[in-house]
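# Notes for the structure review
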Amino acid sequence: QVQLVESGGGLVQPGGSLRLSCAASGSIFSIYAMAWYRQAPGKQRELVAAISSGGTTSYADSVKGRFTISGDNAKNTVYLQMNSLRPEDTAVYYCNVLLGTAAGEPPYDYWGQGTQVTVSS
């Protein structure tokens, strides 16, 4: 059993900052990648940022230069620092982790419950 617990969402004014956290716990053998997705009302879920176990990062064009993804392997935790927030960043943000639960077993995707980020004056 694996659990992902997200925190850090909320209401912020345009230009403000928020930091999201996602901690994975349970039967974790190895984490291969961690990512943040978001889904705005009426839109499809989209990839915001991802980080591999080796630290390689990637970002959606819409957040490059404003958002930073980072990970703490010792804590099985991924963070998303969001700066210069815009109203169009408003969405439910989901943590996603690709991990294996035992040696020799294939990795699976796990999802957090989602945290609301609202950017509004």
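See the structure printed just above.
Residues numbered from 1 in each chain as written. Predicted model: local features only at pLDDT ≥ 70, side-chain atom pairs only at ≥ 80, totals over all residues. Heavy atoms only, no water.

So, on to the state of the cysteines. Each disulfide consists of one covalent bond between the sulfur atoms belonging to two cysteines. One pass over the full model with this rule turns up 1 disulfide. Covalent S-S linkage joins Cys22 and Cys95, the inter-sulfur distance amounting to 2.1 Å. The sign of the -75 degrees torsion about the S-S bond sets the Cys22-Cys95 disulfide as left-handed. Here Cys22, found in strand S3 (residues 18–26), pairs with Cys95, found in strand S9 (residues 91–100); they are 73 residues apart in sequence, far enough to count as distant. According to the relative accessible area criterion, Cys95 is buried, its value standing at 0%. (Disulfide = S-S within 2.5 Å. Helix = DSSP H or I, 4+ residues; strand = E, 2+ residues; numbered from the N terminus. Buried < 20%, exposed > 50% of the residue type's maximum accessible area, 1.4 Å probe, protein only.)

Next up on the list: the packing of aromatic side chains. Following the criterion strictly, the structure yields 1 aromatic pair and no others. Its end group placed over the ring of Tyr79, Arg19 keeps NZ or CZ at 4.0 Å from the ring centre. We note Arg45 situated over the ring of Trp111; from NZ or CZ to the ring centre the distance is 4.8 Å. (Phe/Tyr/Trp six-rings, centres within 6.5 Å; stacked < 30°, edge-to-face > 60°. Lys NZ or Arg CZ within 6 Å of the ring centre and 35° of its normal.)

Attention now moves to the pairing of strand S1 (residues 2–7). Consecutive side chains along a regular strand alternate between the two faces of the sheet. The alternating pattern of S1 places Val2, Leu4 and Glu6 on a buried face and Gln3, Val5 and Ser7 on a face that is not buried. One ladder, built from 6 bridges, connects S1 with S3; its direction is antiparallel. Bridge assignment links Glu6 to a residue of S3, and that residue is Cys22. (Pairing = 2+ DSSP bridges.)

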